[in-house]
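What follows is the residue order along each chain.
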Amino acid sequence: IAAYRRLQQIRSPETCSDAKRSQLRAVIIDYDYVRAVGYVSGNRITCSAVGARGDGFDMGPPSYVSRFGVRIYTSVVIEGNRPLLVMAKDDYAVAIHPESLLSRSVDIAGTSQGVYGESSRQLLAHSGFFDPRWLARKGDSSRGHFFDGSYLVVLRASNRYDMASYAAIPLAHL
């Protein structure tokens, strides 16, 4: 989100000038989780930190649009083989590795964690087992916790963004 706000501050009369690409590269360098940033027109990346994209790189239709109007593309391969999570609003897009949304400090075998779109209920990133029925158990509440017979599950929606997270610990570790 901070990277997106920074993109909104970049102003240049030329859409994909050297100066603008330099500013885009600075956003990538300043935010550890950001892998690519750029300008979009519709579903196409028209300019990135690397340079102009000719007629643009088509990301396809968004996986969903958040309740705040952010277009979410859950599996975009821009370069290489690793799919990125791309969030676009207005003329700007930020791409991250989905795994960067997850905590790296979980050491308990069998523990699950994930992040999903709150309004879409679409999984954005996860590790370990995931049961889609967990999301229904939370309902419209901003948080929930329960035991499903195998896992102690805790879910929590963000107060600021259209995202929520969950963690699940297997019965064997309780």
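Residues numbered from 1 in each chain as written. Predicted model: local features only at pLDDT ≥ 70, side-chain atom pairs only at ≥ 80, totals over all residues. Heavy atoms only, no water.

1. Digging into the overall build of the protein chain
A count of helical and extended segments in the protein chain gives three helices and 12 strands. For the C-alpha atoms alone, the extent of the protein chain along its principal axes is close to 60 × 30 × 25 Å. For the protein chain, the exposed area adds up to about 9500 Å²; of that, 52% sits on carbon and sulfur atoms. Averaging the coordinates of the 21 positive side-chain charges in the protein chain and doing the same for the 16 negative ones gives two points 4 Å apart. (Helix = DSSP H or I, 4+ residues; strand = E, 2+ residues; numbered from the N terminus. Areas by Shrake-Rupley, 256 points an atom, 1.4 Å probe, with all protein chains shown as cover. Lys, Arg positive; Asp, Glu negative; His and termini not counted. Charge placed at Lys NZ, Arg CZ, Asp CG, Glu CD.)

2. Observations regarding the confidence of the model for the protein chain
Summarising the model, the protein chain shows a mean pLDDT of 86, and 91% of its residues fall at 70 or more. Confidence, expressed as mean pLDDT per element, reaches its minimum in the protein chain at strand 3 (residues 52-58) with 74 and its maximum at strand 11 (residues 151-157) with 95. (pLDDT = per-residue confidence, 0-100.)

3. A closer look at the pattern of salt bridges
All chains considered together, the criterion is met by seven salt bridges. With a shortest N-O distance of 3.6 Å, Arg44 and Asp58 are connected by a salt bridge. Pair noted here: Arg44 is in strand 2 (residues 44-48) and Asp58 is in strand 3, with a separation of 14 residues, a long-range link. Arg44 gets classed as partly exposed once you look at its relative accessible area, which sits at 27%. By relative accessible area, which is 45% here, Asp58 ends up partly exposed. Close ionic contact of Arg121 with Glu118 constitutes a salt bridge, the shortest N to O distance being 3.5 Å. Given a relative accessible area of 28%, Arg121 falls into the partly exposed group. Judged by its relative accessible area of 10%, Glu118 is buried. Each member of the salt-bridge network shares a partner with another, and the members are Glu118, Arg121 and Lys138. (Salt bridge = Lys/Arg side-chain N within 4 Å of Asp/Glu carboxyl O. Buried < 20%, exposed > 50% of the residue type's maximum accessible area, 1.4 Å probe, protein only.)

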